[in-house]
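Summary of structural features
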Amino acid sequence: MTEDRERLYRGMTPEQISAHEDWVRRFKASDAGKAAAAAREAERLDRERGMHVTAMPDEAVLAEAIVIVQRGAGLSAGVIFLREAGFERRG
């Protein structure tokens, strides 16, 4: 058992561990579990994209923002992308 699992299951009986693992399996198979997994993946991708975006040259960031809008994500999605890249309004 890994250290994380040992910590999670500390103080639990084998029956409690089995019941918990069964619940986790059912949750992951449910729509709510799939939605939670998708949300975690989206957050991971957002973090990863944020790190990537700040390393892009300004011209590439602007071009990507235009592509985002043209793909149909909307003007607000393009503006959010620009803000994530560090662009700010002045004035």
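Summary of the structure given here. (Residues numbered from 1 in each chain as written. Predicted model: local features only at pLDDT ≥ 70, side-chain atom pairs only at ≥ 80, totals over all residues. Heavy atoms only, no water.)

In terms of regular secondary structure, the protein chain is built from five helices and zero strands. Relative to a compact globule of 91 residues, whose C-alpha radius of gyration would be 12 Å, the protein chain shows 21 Å and is clearly more extended. Oriented by its inertia axes, the alpha-carbon framework of the protein chain measures out at about 60 × 25 × 25 Å. Residue burial in the protein chain is summarised as follows: out of 91 residues, 12% are buried. (Helix = DSSP H or I, 4+ residues; strand = E, 2+ residues; numbered from the N terminus. Rg over C-alpha atoms; globule rule 2.2 N^0.38 Å. Buried < 20%, exposed > 50% of the residue type's maximum accessible area, 1.4 Å probe, protein only.)

Quick look at the pattern of salt bridges now. In the structure shown here, the tally under the stated rule is five salt bridges. For D22, the salt bridge is made with R26, and the minimal N-O distance between the two is 3.1 Å. Here the residue D22 and the residue R26 both occupy positions in helix α2 (residues 14-29), the gap between them amounting to four residues, near one helical turn. (Salt bridge = Lys/Arg side-chain N within 4 Å of Asp/Glu carboxyl O.)

In this section: the nonpolar core. By size, the foremost hydrophobic cluster in this structure holds seven residues: V53, M56, V61, A65, I68, F81 and A85. Ignoring any residue separated from it by four or fewer positions in sequence, one finds A65 in contact with G78, F81 and L82. (Core = buried A, V, L, I, M, F, W, Y, C linked by side-chain atoms within 4.5 Å. Contact = heavy atoms within 4.5 Å.)

On the surface, a nonpolar cluster with roughly 240 Å² of combined accessible area is contributed by V69, L75 and V79. Structurally, the position occupied by V69 is in helix α4 (residues 58-73). With a relative accessible area of 33%, V69 lands in the partly exposed category. (Patch = residues over 30% accessible without salt bridge, like charges linked within 9 Å, V, L, I, M, F, W, Y side chains within 5 Å. Areas by Shrake-Rupley, 256 points an atom, 1.4 Å probe, with all protein chains shown as cover.)

Turning to the packing of aromatic side chains, a few remarks are in order. Overall, the coordinates contain one aromatic pair when judged by the stated rule. Ring geometry for W23 and F27: centres 5.2 Å apart, planes at 10°, overall stacked. Of this pair, W23 and F27 both sit in helix α2, four residues apart, which is roughly one turn of the helix. On the basis of relative accessibility, which here comes to 31%, the residue F27 falls in the partly exposed class. (Phe/Tyr/Trp six-rings, centres within 6.5 Å; stacked < 30°, edge-to-face > 60°.)

Another aspect to go through is the environment of H20. Position of H20 relative to the elements: it lies in helix α2. It is 9.3 Å that separates the C-alpha atoms of H20 and Y9, two residues lying eleven residues apart in sequence. When residues no more than four places from it in sequence are discounted, the contact partners of H20 are L8, Y9 and M12.

Turning our eyes to something else, we now look at the packing of α4 against helix α5 (residues 75-84). In contact at an axis separation of 8 Å, α4 and α5 are set at 155° when each is read in the N-to-C sense. The angle between α4 and α5 places the two elements in the roughly antiparallel class. With respect to the hand of their crossing, α4 and α5 are arranged in right-handed fashion. Here V61, L62, E64, A65, I68, V69 and A73 of α4 lie close against α5, whose contacting residues are L75, A77, G78, F81 and L82. (Axes fitted to C-alpha atoms, helices over the stretch in contact; angles between N-to-C directions. Parallel < 35°, antiparallel > 145°, perpendicular 65-115°, else oblique. Left-handed = near helix turned anticlockwise from the far one by under 90°.)

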